[in-house]
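Below are the chains, spelled out letter by letter.
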Amino acid sequence: MGPPQWSDLGMFLQTFMLLATEAGLATCAQEAWATKPQTVAEYVDAPGTSMLFCGMAIGYEDTTEAVNTLRSHRFPVESFTTFIS
Ligand SMILES: Cc1cc2nc3c(=O)[nH]c(=O)nc-3n(C[C@H](O)[C@H](O)[C@H](O)COP(=O)(O)O)c2cc1C
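For every chain, the first residue of the written sequence is number 1, and numbering continues from 1 onward in sequence order. Totals for whole chains, interfaces and linings use all residues, but because this is a predicted model, local features are given only for residues with pLDDT of at least 70 and pairs of side-chain atoms are given and counted only at 80 or more.

Peer 1: Please explain the overall build of the chain as it appears in this structure.
Peer 2: The helix count covers DSSP runs of H or I at least four residues long, the strand count covers runs of E at least two residues long, and both are numbered beginning at the N terminus. Regarding its fold elements, the chain presents 2 helices and 2 strands. Its helices and strands in sequence order give the chain the pattern α-β-α-β, from N to C terminus. With C-alpha atoms as the basis for the radius of gyration, the globule rule is written as 2.2 Å multiplied by the number of residues raised to the power 0.38. Computed over C-alpha atoms, the radius of gyration of the chain comes to 17 Å, more than 25% over the 12 Å expected from 2.2 N^0.38 for 85 residues, which places it beyond the range of a compact globule. Across its three principal directions, the C-alpha atoms of the chain cover 50 × 40 × 25 Å. A sequence separation of at least 24 residues applies to 53% of the contacts in the chain between residues at least 6 apart. Note on contacts: residues are paired as contacts if their backbone-placed C-beta atoms lie within 7 Å.

What follows is the structure, given as structure tokens:
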């Protein structure tokens, strides 16, 4: 794998997250784990040939928790896209 495949991984993550949502699960991608690859590898007993790209929390959302009421701002699609017809 090299730089051309990073976007493939990103698309895989998104597809996985969409399917998880469809199955009633909540997810949170966590790229920060990639800054601690050795610690994570030891914890999950990963083979030395593996590369840690991204972590992901997955589970059932507790809608009564205040932290899960946060809704992040989304820019309107027109603000970063030019449509040509
Ligand atoms: C690939 C990817 C990696 C991410 N990694 C982190 C991370 O390491 N730490 C973090 O606080 N948020 C990270 N985020 C953002 C959160 O996963 C999440 O998108 C954010 O909390 C906003 O939630 P929302 O997407 O439901 O609005 C990442 C998002 C993506 C798409």
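Peer 1: Looking at this structure, I do not really get helix 2 (residues 37-44). What am I missing?
Peer 2: Within an α-helix, residues lying three or four positions from one another point in the same direction, as the helix has 3.6 residues per turn. Burial within helix 2 is sparse, with just 0 of its 8 residues counted as buried. Where helix 2 terminates, the next one or two residues include Asp45, which has phi positive at roughly 55°. Comment: burial labels come from other C-beta atoms within 10 Å of the residue's own C-beta, placed from the backbone, where a count of 20 or more is buried, 12 or fewer is exposed, and between is partly exposed.

Peer 1: Is there a simple way to think about the site of the ligand in this case?
Peer 2: In the vicinity of the ligand, the residues found are Leu13, Cys28, Ala29, Gln30, Glu31, Ala32, Cys54 and Ser72. The dominant element in the shell around the ligand, judged by the number of residues it contributes, is strand 1 (residues 26-30), at 3 residues. Residues are grouped as follows: nonpolar covers Ala, Val, Leu, Ile, Met, Phe, Trp, Tyr, Cys and Pro; charged covers Asp, Glu, Lys and Arg; every other residue, Gly included, is treated as polar. For the shell around the ligand, a count of residues per class yields 5 nonpolar, 2 polar and 1 charged. In this analysis, residues qualify as near a molecule or strand once their C-beta atom, positioned from backbone atoms, comes within 6 Å of it.

Peer 1: Quick question: what am I supposed to make of unusual backbone geometry here?
Peer 2: Keep in mind that most residues, glycine aside, have a negative phi and that most peptide bonds are trans. The residue Asp45 is not glycine, and still its phi comes out positive at about 55°. Locating Asp45 in the fold gives a position in the loop between helix 2 and strand 2 (55-59).

Peer 1: Is there a simple way to explain helix 1 (residues 6-22) in this structure?
Peer 2: In a helix, the anticipated span is given by 1.5 Å times the number of residues less one. The terminal C-alpha atoms of helix 1, which comprises 17 residues, lie 25 Å apart, in line with the 24 Å expected from a rise of 1.5 Å per residue. Little of helix 1 is tucked away: 0 of the 17 residues are buried. Taken from the residues just after helix 1, Gly24 is the one with a positive phi, measuring 85°.

Peer 1: I tried to follow the environment of Thr63 on my own but got confused; where do I start?
Peer 2: Its location among the elements puts Thr63 in the segment after strand 2. Separated by 44 residues in sequence, Thr63 and Leu19 place their C-alpha atoms 20 Å apart.

Peer 1: For this particular structure, what's the right way to read the environment of Pro37?
Peer 2: Take Pro37: it is sitting in helix 2. Of the residues examined, Pro37 has 14 C-beta atoms within 10 Å and is grouped as partly exposed. Considering only alpha carbons, one finds Pro37 and Cys54, 17 residues apart in sequence, at a separation of 9.6 Å.

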